[in-house]
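Residue strings, one per chain:
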Amino acid sequence: MRDPSSPRAPEMTDRKIPTGTISPRVFSETSPPRALVFDSGVGGLSVAADIHAALPGLVLTYAADNAFLPYGEKSEAELIARVPELLEGWRREFAPDLIVVACNTASTVVLPAVRALVPVPVIGVVPAVKPAAKHTRTGIIGLLGTPGTVRRAYTDGLIREFAADKTVIRHGSSGLVRLAEAKLRGHPPDEAAVAAEIAPLFAGTEGANIDIVVLACTHFPLLRSELARAAARPVQFIDSGAAIARRVAQLLPDRAREIALRDGPPGLRPALFTAMDDTLPALEGALNGFGFSALRQMASER
Ligand code: DGL
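Below or above, wherever it landed, is the structure these notes cover. As a convention, each chain's residues are numbered from 1 in the sequence order in which they are written. Local features in a predicted model are, by the rule used here, given only for residues with pLDDT of at least 70; side-chain atom pairs are given and counted only at 80 or more, and totals for whole chains, interfaces and linings are based on all residues. Neither water nor hydrogens contribute to the side-chain values; these are computed over all heavy atoms in the structure.

### Here we look at the overall build of the protein
Argument step 1. For helices the rule is a DSSP run of H or I covering at least 4 residues; for strands it is a run of E covering at least 2, with both sets numbered from the N terminus onward. Counting its secondary structure elements, the protein contains 14 helices and ten strands.
Argument step 2. Atoms counted for the radius of gyration: C-alpha only. Globule rule: 2.2 Å times the number of residues to the power 0.38. For 302 residues, the compact-globule estimate of 2.2 N^0.38 gives 19 Å, and the protein sits close to it at 19 Å.
Argument step 3. Seen along its three principal axes, the alpha-carbon backbone of the protein occupies a region of about 55 × 40 × 35 Å.
Argument step 4. Put simply, of all contacts in the protein between residues at least 6 apart along the chain, 75% involve residues at least 24 apart.
Argument step 5. Using a 1.4 Å probe, accessible areas were evaluated by the Shrake-Rupley method; residue-level cover was limited to the displayed protein chains. When the accessible surface of the protein is summed, it comes to about 12,900 Å², and 56% of that surface belongs to carbon and sulfur atoms.
Argument step 6. Charged residues are defined here as Lys and Arg on the positive side and Asp and Glu on the negative side; His and the ends of the chain fall outside this count. Positions of charges follow a simple convention, taking NZ of Lys, CZ of Arg, CG of Asp or CD of Glu. Of the side chains in the protein, 33 bear a positive and 32 a negative charge, and the two mean positions are spaced by 5 Å. Residues count as neighbours in contact if any of their non-hydrogen atoms are within 4.5 Å of one another.

### Side note on the pairing of strand β5 (residues 140–145)
Argument step 1. Categorising residues by exposure relies on relative accessible area from a 1.4 Å probe, with only protein chains included: less than 20% of the type maximum marks a residue as buried, more than 50% marks it as exposed, and the intermediate range marks it as partly exposed. A large share of β5 lies buried, amounting to six of its six residues.
Argument step 2. Side chains of β5 alternate between two faces, with Ile 140, Gly 142 and Leu 144 and Ile 141, Leu 143 and Gly 145 buried alike.
Argument step 3. Strands are treated as partners if at least two bridges between them are detected by DSSP. Direction of pairing for β5 relative to strand β6 (residues 167–172): parallel, over a ladder of six bridges. Each bridged residue has a counterpart across the sheet, and for Gly 145 the counterpart in β6 is Gly 172.

### Comments concerning the site of the ligand
Argument step 1. Residues in contact with the ligand amount to 13 residues; listed here are only the nearest, Ser 40, Tyr 71, Gly 72, Thr 105 and His 219.
Argument step 2. Pairs of N or O atoms are called polar contacts if they sit within 3.5 Å, as long as, within protein, a hydrogen donor faces a hydrogen acceptor (for residues adjacent in sequence, only side-chain-to-side-chain pairs). Between Asp 39 and the ligand, the recorded distance is 3.0 Å, taken from a side-chain N or O atom to a nitrogen atom.
Argument step 3. Between the ligand and His 219, the relevant distance is 2.8 Å, taken from a nitrogen atom to a side-chain nitrogen or oxygen of the residue.
Argument step 4. In the scheme used here, Gly and all other residues not listed as nonpolar or charged are polar, with Ala, Val, Leu, Ile, Met, Phe, Trp, Tyr, Cys and Pro taken as nonpolar and Asp, Glu, Lys and Arg as charged. Across the shell around the ligand, the residue classes break down as five nonpolar, seven polar and one charged. If even one non-hydrogen atom of a residue comes within 4 Å of a molecule or strand, that residue is called near it.

### A few points about the nonpolar core
Argument step 1. Grouped together as the largest cluster of nonpolar side chains are 59 residues, with contacts concentrated most on Ile 51 and Leu 227.
Argument step 2. With sequence-adjacent residues up to four places away left out, Leu 227 is seen in contact with Leu 144, Leu 176, Val 194, Ile 198, Leu 215, Phe 220 and Phe 237.
Argument step 3. Grouping buried Ala, Val, Leu, Ile, Met, Phe, Trp, Tyr and Cys residues that are joined through side-chain atoms within 4.5 Å yields what is termed a nonpolar core. Within the second largest apolar cluster, 22 residues are counted, among which are Leu 36, Trp 90, Val 118 and Leu 272.

### Description of the side chain of Thr 105
Argument step 1. Within the secondary structure layout, Thr 105 lies in helix α4 (residues 104–117).
Argument step 2. A relative accessible area of 2% means that Thr 105 is categorised as buried.

### What to know about α4
Argument step 1. What a helix is expected to span follows from its residue count: subtract one and scale by 1.5 Å. With 14 residues, α4 should cover 20 Å at 1.5 Å per step; its first-to-last C-alpha distance of 19 Å lies within 8% of that length.
Argument step 2. In this analysis the local bend is the angle between axes fitted, respectively, to the seven residues ending at and the seven residues starting at the residue. Along α4, the sharpest change in direction is near 70 degrees and occurs at Val 110; proline Pro 112 comes one to four residues later.
Argument step 3. With ten of 14 residues buried, α4 is to be regarded as a mostly interior element.
Argument step 4. Every buried residue belonging to α4 is among Asn 104, Thr 105, Ala 106, Ser 107, Thr 108, Val 109, Val 110, Leu 111, Val 114 and Arg 115, and all of these are buried.

### Quick notes on the packing of helix α2 (residues 44–54) against helix α12 (residues 241–251)
Argument step 1. Axis definition: a line fit to C-alpha positions, over the contact stretch in the case of helices; interaxial angles, taken between N-to-C directions, run 0 to 180 degrees. Across the interface, α2 lies against α12 with an axial gap of 8 Å and an inter-helix angle of 50 degrees. One finds that α2 runs oblique with respect to α12. Here α2 and α12 pass one another in a crossing that is right-handed. Of the residues in α12, those in contact with Val 47, Asp 50, Ile 51 and Ala 54 of α2 are Gly 241, Ala 242, Ile 244, Ala 245 and Val 248.
Argument step 2. By residue class, the composition of the contact of α2 with α12 is seven nonpolar, one polar and one charged. For classification, angles of less than 35 degrees are called roughly parallel, those exceeding 145 degrees roughly antiparallel, those between 65 and 115 degrees roughly perpendicular, and all remaining angles oblique. Whether a crossing is left-handed or right-handed is set by the direction in which the near helix is turned from the far one by less than a right angle, anticlockwise for left-handed and clockwise for right-handed.

### Topic: the side chain of Glu 284
Argument step 1. One can find Glu 284 in helix α14 (residues 280–289).
Argument step 2. A polar contact is formed between the side chain of Glu 284 and the backbone nitrogen of Ala 294, at a distance of 3.0 Å.

### Focus: the environment of Thr 30
Argument step 1. Its location among the elements puts Thr 30 in the loop between α1 (11–14) and β1 (34–39).
Argument step 2. A relative accessible area of 77% places Thr 30 in the exposed class.
Argument step 3. Here the alpha-carbon distance between Thr 30 and Gly 264, two residues 234 residues apart in the chain, equals 9.5 Å.
Argument step 4. Only 3.1 Å separates the side chain of Thr 30 from the side chain of Ser 28, close enough to count as a polar contact.

Structure below.
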């Protein structure tokens, strides 16, 4: 899986890049802390849900780069050339106190470039290899991500650092990303299609002994029940959403955290999309369920 010509895994240096501290400002009920949650598509809604459950008073804006989805099939250079500018544009427009890159595919490659450009703390999401290694009993872990995430040098580094004595079976799927996008637009995923997407993970003697599957793409928790039904054997699925929510809470200054722990102002928050797309109206119901409304879907704004 590892490409010997790929550069040294960047995680040793990346993790030392400070996330940054939130600029001091006066937080109050009328001026609560704000975060921008970003993904290529609807996957980051799974992370937004975990953040909202932990910090209901943190005002979230959702941003999706649907014009460029799926990120898992883009090169590292393409993502580095695109994502930092995009996030800096939204930061200028919406003035969040922090940004959550709720996308493993982007986080495992663009965080240093984003942090170099964007002057607010940026939290990324990376595959939950560490907790999986801690909890596996068979010693065999499945890592289900996008094709980009499973081949990243960053992922190699996580496995070397936290799961060197375990067997990690990686499988990349863009099909599951498409199924999650369709599910939130009202098309229930075909069970056989889900099963076909994950079958390679469980193939072979080692695959048959997987007991934990890391959902290393934020779209996949949106398919958790379908994945559980489709898995070849009962396995535990873990993701990074709750850990991200804890990290956000840690970064908030005390006064901001106090406000974020209470209920926030009522109403739907904006969800932004980089492409006007005929399927966005069908997404509105699911977006509302997550507390958002696709305010930028009007063709007149494009
Ligand atoms: N949700 C994204 C992730 O966590 C990727 C989906 C895509 O391929 O665009 O990796």
